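Examining the three-dimensional arrangement
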Amino acid sequence: MPREDIVATSHALTVLRDDVRAIMQNDPAAHSLAEVVLYPGLHAIILHRAAHALWQRRMPFLPRFISQVSRFLTGIEIHPGARIGRGFFIDHGMGVVIGETAEIGDRVTLYQGVTLGGTGKQGGKRHPTIADDVIVGVGASVLGAITIGAGARIGGGAVVVRDVPPHATAVGVPARVVATRDPATGETRRVELLPDPEAEMLRNLHARVRELEARLAELEQATDHHRREHHSLIAEPPEDVACWAAIESEAPAHPRDGFVHGGGI
């Protein structure tokens, strides 16, 4: 066997060992090597590395065919052109999509439903770059030619459209940095006073509702006061009240009773 083939095979086995080790280290549900072999994320990355090697050699059709077979078998879609480092771990994996120009560093973890996608139909670099030791949470979307710094954390369901600095945690739609972490000590510092247009709008609406409720209470109080004063000033004389009571007591029980007794019209 030529020396180049020996080196390539040795490198491929080393990368595979790192991928398996990443699963064992990051998933507490992985109790043995036999279980790890069943992981769809491992199947997807093995097939991708084969497809990517053919893609680099500009072989037509076959890389995409392998990619589609992998998608059918695992539910994970990785374009053959995507560049992925060692120790890559896709937990559960269903629904993960990785675009053609995406670049992923070493020891990166993706959870199910993650999208590393583009934002348009332009050519060239249009998918994100994920640095080493990044974790992307369930259902997160990282879109466009942006960079997620080393050691960053992306919260579940986040939509990231801007760069995230190293060792930062980003959450929300659109995602914003809410905390930073010191890689030396592991200490996490929250980022305060972040601009939040939605929260600001809700606060303004709440203040406006309270203002309107106060004005309505004042109007109701003034109306009740005015009604009491008005009725006390124009109260009917006692003789008028007695007269109306007598009329009502002498009135026939039914309008037609007047005709029966000859009252006429």
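Every value quoted in this text rests on a predicted model; they were computed, and no experiment measured them. By convention here, each chain's residues receive numbers from 1 onward along its written sequence. Note on the predicted model: pLDDT of at least 70 is required for a residue's local features to be given, and 80 or more for side-chain atom pairs to be given and counted; whole-chain, interface and lining totals, by contrast, use all residues. Only hydrogens and water are set aside when side-chain values are computed; all heavy atoms of the structure are taken into account.

**Some remarks on the sheet that holds strand β9 (residues 135-136)**
For the record, the criterion: We call two strands paired when DSSP finds no fewer than two bridges between them. Strands here mean DSSP runs of E at least two residues long; helices mean DSSP runs of H or I at least four residues long; both are numbered from the N terminus.
If you walk across this open sheet you meet the seven strands as β3-β6-β9-β12-β14-β15-β16, and the pairing is mixed. In the strand order of this sheet, the two ends are held by β3 (89-90) and β16 (188-190), each with one partner. When strand β12 (residues 153-154) meets strand β14 (residues 168-171), the two strands line up parallel, connected through two bridges. Counterpart to R153 in the pairing with β14 is T169.

**Section: the sheet that holds strand β11 (residues 147-148)**
Strands belonging to one sheet form pairs held by backbone hydrogen bonds; the direction of such a pair is parallel or antiparallel. Taking strand neighbours across the sheet as the criterion, the four strands line up as β2-β5-β8-β11 in an open arrangement whose pairing is parallel. The strands lining the two open edges of the sheet, one partner per strand, are β2 (83-84) and β11. Pairing of β2 with strand β5 (residues 103-104), which is carried by two bridges, proceeds in the parallel orientation. Of the residues in β5, the one forming a bridge with I84 is I104.

**Some details on the nonpolar core**
So the rule is basically this: Among the buried residues, those of types Ala, Val, Leu, Ile, Met, Phe, Trp, Tyr and Cys that are joined through side-chain atoms within 4.5 Å form a nonpolar core. Exposed residues in this analysis have more than 50% of their type's maximum accessible area, buried residues have under 20%, and partly exposed residues fall in between, with area computed by a 1.4 Å probe over protein chains only. In this analysis, two residues are considered to be in contact whenever any of their non-hydrogen atoms come within 4.5 Å of each other.
With 38 residues, the main nonpolar core has F88, I98, L110, I148 and I154 as its most contacted residues. When residues of this core are traced back to their parent elements, those giving at least two are α1 (3-26), α3 (40-56), β3 and β14. Residues contacting I148, with those up to four places away along its chain left out, are T129, I130, A131, V134, V142, I154, V160 and V164.

**Some points on α3**
Where we set the bar: By this rule the span expected of a helix is its residue count minus one, scaled by 1.5 Å.
If you check α3, its first and last C-alpha atoms are 24 Å apart, about what 17 residues at 1.5 Å a residue would give, namely 24 Å. For α3, the full list of buried residues reads G41, L42, A44, I45, H48, A51, H52 and L54.

**Quick word on the pairing of β14**
Burial along β14 is one-sided: the residues A168 and A170 are buried and none of T169 and V171 is. Pairing analysis gives four bridges linking β14 to strand β15 (residues 176-181), with the strands arranged antiparallel. Among the inter-strand pairings, V171 is bridged to a residue of β15, identified as R176. Connecting the antiparallel pair β14 and β15 is a turn made up of four residues, with G172 showing a positive phi of about 100°.

**Side note on the pattern of salt bridges**
Proximity of charged atoms lets side chains of opposite charge pair with each other. What counts here: The term salt bridge refers to a pairing of a side-chain nitrogen on Lys or Arg with a carboxyl oxygen on Asp or Glu at a separation within 4 Å.
Counted according to the given criterion, the structure contains 10 salt bridges. In this structure, D18 engages R86 in a salt bridge whose closest nitrogen and oxygen atoms are separated by 3.4 Å. You can see D18 sitting in helix α1 and its partner R86 sitting in the loop between β2 and β3, a full 68 residues away along the chain. The class of R86 is partly exposed, set by a relative accessible area of 32%. Residue E211 pairs with R208 through a salt bridge whose shortest N-O separation is 3.3 Å.

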